[in-house]
Amino acid sequence: MFDSITFNFTIGNFFCNSFFTNVDSGTRIFELYSNQTSESITCPHCGSRMHVYDNASVNLREIPFNSLYYTIFKVHVHRYRCTKCRASTTENIPFKYKETRITDNAAEFVKSLLMHRMSVKDVSLMTGINWNTISSIHKEFMKGELEQRREELRRSNYKPRYLAVDEFSIHKGHTYATCVMDLELGDVIWVGKGRAIKDFKKFFEAFPSEYFSDVEAVAMDMNASYNRLVEENMPHADIVYDRYHMQAQFGKDVLGVVRLDEAKAHNEQSKRIKESITPDKTFEEKQELKDAAKVESAQYKKLKNARWTLLSNSENLSAVKSGHLKEILNSHISLATCYAMKEEMCRLYECDDIEEAERGWKNWFTAAKESGIPALVHFAEIKEKRLPGLINHAKHQISTGKLEGFNNKIKVAKRIGYGYRNDDHFFTLIKFLSIPRAKNPSPRNCLLYTSPSPRDRQKSR
């Protein structure tokens, strides 16, 4: 049915009145011819008249008309030569996308597909356009938007006040990258491969020193390379150690270790009791030992299943789980001590008074070291070295939470693309995805950002 349709259209100085279908290659080819005359052309070098001395054709990919065939514009162009200086030139194709073999229309179509989170490979399969071409269009567009964003912030003399730095996995085998986010705007301002000191040092080399003059605090985990370089390059900024990482590590290295040690003790006690049931025991003694073994086994199972009960905030527990928690804590002194220390840690992170926070954290570390619980003592001895960064949380109520949440976007982008062939493309995508979007985007502007009003923030300061 499509072959019965007649096409007769013009694009710029080219016209089309014929097409044919190549079933073997799965393409539908439209022939476009130039109606430009040599009288309208002058030499770009000397201004003399030019004449047509040759013809050539260029195949440009266009938007597919249907899912069965790719669309190609076979554009026939003139080649001109100057009658005086003999310089030659080829006729310009106004609808050809720069440095590619596709049309402007196809390039916009590719951008719209990428905008709806299709992978480069899927767009290539759908349009028949080369993977590298689509990838270059994607990178060019994102870099243009990022430059436009930076220029807008430069015009408003914007400088960040609160930063967050964290790492994320980019490949299997413990390969990581480091990400830095402006917490007020939500923009990812830098992404670099690696998480060592030599890797993070590139962040400070990428910006002039005056760019960080207004930074008041930097939120981070307790990676040694992060705080060391921040202290060297931004001595005026406070380091704030993130609450999530502190509590997560406490839950793993203290509550988790003590819980499993207690559970292991109950399991071993149950085995010893069972081994003590010998034939020379009376029936009543055997029954008593079996009951004791069951009690120990029940305690073992209860502790093994109590991980999330111990890690959760007490006010978020149901009545049933609260009852289980009380039973566990009443019968396990070491675990009750660690749980109380966890609750006190949560309270200290809610504190907004610096003096109270300082007293509270010092008392917390003193109590932890005097507890006699090896896991808790070891944790306190390591973390006490970071005391100033913990106290600073009362002064600057910031965390890496926003950046941790953005890591989910990074993971989704990584899955959509099934990985990326080069890190530059992936890192550019990460920064592009962090640009604030319009609240009610239209199909044409949903890739564009809206200004976060940095001027308004400057005025409010």
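Draft legend 1. Molecular detail of the pattern of salt bridges. All told, the structure shown has 20 salt bridges when counted by the stated rule. Its salt-bridge partner being Glu 327, residue Lys 302 comes within 2.8 Å of it at the nearest N-O pair. Here the residue Lys 302 occupies a position in helix H7 (residues 283-304), and Glu 327 occupies one in helix H9 (residues 319-331), the gap between them amounting to 25 residues. Taken together, the shared-partner salt bridges in this structure form one network comprising Glu 147, Arg 150, Glu 151 and Arg 154.

Draft legend 2. The arrangement of helix H2 (residues 120-127) in detail. If you check which residues of H2 are buried, you get Val 120, Val 123, Ser 124 and Thr 127. Projection of H2 onto a plane perpendicular to its axis shows the buried side chains occupying an angular sector of 100°, all on one side. Facing away from the buried surface of H2 by more than 90 degrees, the exposed residues are Lys 121 and Leu 125. Check the buried side of H2 and you find it contacts strand E4 (50-62), strand E5 (70-82), helix H1 (104-115), helix H3 (131-155) and helix H15 (423-433). Two residues or fewer after H2 comes Gly 128, characterised by a positive phi angle close to 80°.

Draft legend 3. How the structure looks around the packing of aromatic side chains. Applying the stated criterion to the full structure yields 27 aromatic pairs. Taken together, a centroid distance of 5.6 Å and an interplanar angle of 55° make the contact between Trp 190 and Phe 203 tilted. Residue Trp 190 is found in strand E9 (residues 188-193), and its partner Phe 203 is found in helix H4 (residues 197-205); the two are separated by 13 residues along the sequence. The class for Trp 190 is buried, based on a relative accessible area of 10%. The buried category is assigned to Phe 203, whose relative accessible area is 1%. On the numbers, 5.3 Å between centres and 80° between planes, the contact of Phe 250 with Phe 379 is edge-to-face. Here Phe 379 lies in helix H12 (residues 374-383) and Phe 250 lies in helix H6 (residues 243-275), a separation of 129 residues in the sequence. Neither Phe 250 nor Phe 379 differs from the other in exposure class; each is buried. An aromatic cluster of three or more residues is present, and its members are Trp 190, Phe 200, Phe 203, Phe 204, Phe 207, Tyr 211, Phe 212 and Tyr 226.

Draft legend 4. Region of interest: the pairing of strand E8 (residues 175-182). Counting buried positions along E8 yields seven of eight residues, so the element is predominantly enclosed. In terms of strand pairing, strand E7 (residues 162-171) meets E8 through eight bridges, oriented antiparallel. Of the residues in E8, the one forming a bridge with Asp 166 is Cys 179. Relative to E9, E8 is paired through five bridges, and the arrangement is antiparallel. Across the sheet, the residue bridging to Met 181 is Val 188, located in E9. Between the antiparallel neighbours E8 and E9 lie five residues, among them Gly 186 with a positive phi of about 85°.

About the criteria used
- Residues numbered from 1 in each chain as written.
- Predicted model: local features only at pLDDT ≥ 70, side-chain atom pairs only at ≥ 80, totals over all residues.
- Heavy atoms only, no water.
- Salt bridge = Lys/Arg side-chain N within 4 Å of Asp/Glu carboxyl O.
- Helix = DSSP H or I, 4+ residues; strand = E, 2+ residues; numbered from the N terminus.
- Buried < 20%, exposed > 50% of the residue type's maximum accessible area, 1.4 Å probe, protein only.
- Arc of directions from axis to C-beta.
- Contact = heavy atoms within 4.5 Å.
- Phe/Tyr/Trp six-rings, centres within 6.5 Å; stacked < 30°, edge-to-face > 60°.
- Pairing = 2+ DSSP bridges.

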